[in-house]
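Chain residues, written in single-letter form:
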Amino acid sequence: MQSIESNSTITCPECGFSKTEEMPTNACQWYYECESCKVLLKPLKGDCCVYCSYGTVKCPPIQEGQSCCDS
């Protein structure tokens, strides 16, 4: 059984600020507000959540090889 990484570092594409966050395991996170510049990040087309778009690690359902929430 593979190990699921629960932390991902999100990097803001607007200002470059990075922060490591714990990902939810039971829900997708569609929005994330950058602490530095306050821009609201949304998933890129084709991604299910902000972690898949801007994080260093994909969300837990994707890591497990499952489909994530509907986007």
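A brief report on the enclosed structure follows.

### Details of the overall build of the protein chain
A tally of regular secondary structure across the protein chain gives two helices and four strands. Its C-alpha atoms give the protein chain a radius of gyration of 12 Å, within 12% of the compact-globule value 11 Å for 71 residues. Considering only C-alpha atoms, the protein chain reaches an extent of 40 × 20 × 15 Å along its principal axes. Looking at the protein chain residue by residue over its 71 residues, the buried ones come to 31%.

### Considering a nonpolar patch on the surface
Residues W30, Y31 and L40 make up a contiguous nonpolar surface patch of about 330 Å² in total accessible area. Positionally, Y31 belongs in the loop between β2 (18-22) and β3 (32-33).

### Some thoughts on the side chain of S8
With respect to the secondary-structure elements, S8 resides in strand β1 (residues 7-11). A relative accessible area of 0% places S8 in the buried class. A distance of 3.1 Å separates a polar side-chain atom of S8 from the backbone nitrogen of T56. Within the structure, the side chain of S8 is placed 3.0 Å from the backbone nitrogen of V57, a separation counted as a polar contact. Among all residues touching S8, those that are not within four sequence positions of it are K19, T20, E21, M23, Y51, G55, T56 and V57.

### What to know about unusual backbone geometry
Here K38, not a glycine, exhibits a phi torsion of approximately 70 degrees, which is positive. Looking at where K38 falls in the secondary structure, it is placed in the loop between β3 and β4 (40-41).

### Here we look at the environment of T56
On the secondary structure map, T56 appears in the loop between α1 (50-54) and α2 (60-63). Relative accessible area serves as the criterion here: at 59%, T56 is assigned to the exposed category. The spatial distance from the C-alpha of T56 to the C-alpha of W30 is 16 Å, given a sequence separation of 26 residues. In this view, T56 contacts S8 and T9; residues no more than four positions away in its chain are not counted.

### Looking at the nonpolar core
Grouped together as the largest cluster of nonpolar side chains are 16 residues, with contacts concentrated most on I10, L41, C48, C49, V50, Y51 and C59. Non-local contacts of I10, meaning those with residues more than four positions away in its chain, are made with F17, S18, K19, Y32, L41, V50, Y51, Y54 and G55.

Reading the values: rules and limits
- Residues numbered from 1 in each chain as written.
- Predicted model: local features only at pLDDT ≥ 70, side-chain atom pairs only at ≥ 80, totals over all residues.
- Heavy atoms only, no water.
- Helix = DSSP H or I, 4+ residues; strand = E, 2+ residues; numbered from the N terminus.
- Rg over C-alpha atoms; globule rule 2.2 N^0.38 Å.
- Buried < 20%, exposed > 50% of the residue type's maximum accessible area, 1.4 Å probe, protein only.
- Patch = residues over 30% accessible without salt bridge, like charges linked within 9 Å, V, L, I, M, F, W, Y side chains within 5 Å.
- Areas by Shrake-Rupley, 256 points an atom, 1.4 Å probe, with all protein chains shown as cover.
- Salt bridge = Lys/Arg side-chain N within 4 Å of Asp/Glu carboxyl O.
- Polar contact = N/O pair within 3.5 Å; in protein donor to acceptor, adjacent residues only side chain to side chain.
- Contact = heavy atoms within 4.5 Å.
- Core = buried A, V, L, I, M, F, W, Y, C linked by side-chain atoms within 4.5 Å.

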